[in-house]
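What follows is each chain in one-letter form.
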Amino acid sequence: MSESQCDIQPAPPLRLTPACTVYTGIVRLAMTGRFFQSHRAPADEFGAFVPHVAPLPHDGPEPQVWAEAYVMSTSSSAAGGFPSGVEYVRGAYLADPRGGTDRWLHLGGAAHIGKGLTLGYRITVQTT
């Protein structure tokens, strides 16, 4: 059985305006326990809450969120016919899985991880 690992390392946030903040950083993704990879395998889902971001109160207005990701490095070269890279990425405020009413900034998506993949990410949050 394969298991995914996700390690997120944020950079300091960039406040563009009082209503717009950009969060950037690096996400390291890895798969363990996978002995072979099919060229028809779907992308692996990943997700992590972005550290050091203030929560959004449950009754607060929903901000606009845009997420981007790009491949910085891979631990295995892509062979012919095997997909690699990011399929999609999303940013959203989600409920804390430990409980509570606040929502926290979450980065998620799907990528063809292979043995390992390092992604750079940028999430832009704009409040109204």
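The rules we used
- Residues numbered from 1 in each chain as written.
- Predicted model: local features only at pLDDT ≥ 70, side-chain atom pairs only at ≥ 80, totals over all residues.
- Heavy atoms only, no water.
- Core = buried A, V, L, I, M, F, W, Y, C linked by side-chain atoms within 4.5 Å.
- Buried < 20%, exposed > 50% of the residue type's maximum accessible area, 1.4 Å probe, protein only.
- Helix = DSSP H or I, 4+ residues; strand = E, 2+ residues; numbered from the N terminus.
- pLDDT = per-residue confidence, 0-100.
- Pairing = 2+ DSSP bridges.
- Axes fitted to C-alpha atoms, helices over the stretch in contact; angles between N-to-C directions.

## What about the nonpolar core?
Link 1 in the chain: Residues Val50, Leu105 and Ile123 are the most contacted members of the largest nonpolar core, which totals 20 residues.
Link 2 in the chain: A per-element tally of this core places strand β8 (residues 116-126) first, with five residues.

## Some points on the confidence of the model for the protein
Link 1 in the chain: On average, residues of the protein carry a pLDDT of 86, and 87% of them reach 70 or more.
Link 2 in the chain: The spread of mean pLDDT over the elements of the protein runs between strand β1 (residues 3-10), the lowest at 85, and strand β2 (residues 14-17), the highest at 96.

## Regarding the pairing of strand β4 (residues 44-49)
Link 1 in the chain: Burial along β4 is one-sided: the residues Asp44, Phe46 and Ala48 are buried and none of Glu45, Gly47 and Phe49 is.
Link 2 in the chain: For β4 and strand β7 (residues 103-112), the ladder comprises six bridges, and the chain directions are antiparallel. Across the sheet, Glu45 pairs through a bridge with Ala110, a residue of β7.

## Overview of the sheet that holds β7
Paired through their backbone hydrogen bonds, the strands of a sheet run either parallel or antiparallel.
Link 1 in the chain: Taken together, three strands build an open sheet; the order of strands is β4-β7-β6 and the sheet is antiparallel. Edge positions in the sheet fall to β4 and β6 (85-95), since each has one partner strand and no second. Sheet twist, expressed as the mean angle between neighbouring strand axes with direction ignored, is 20°.

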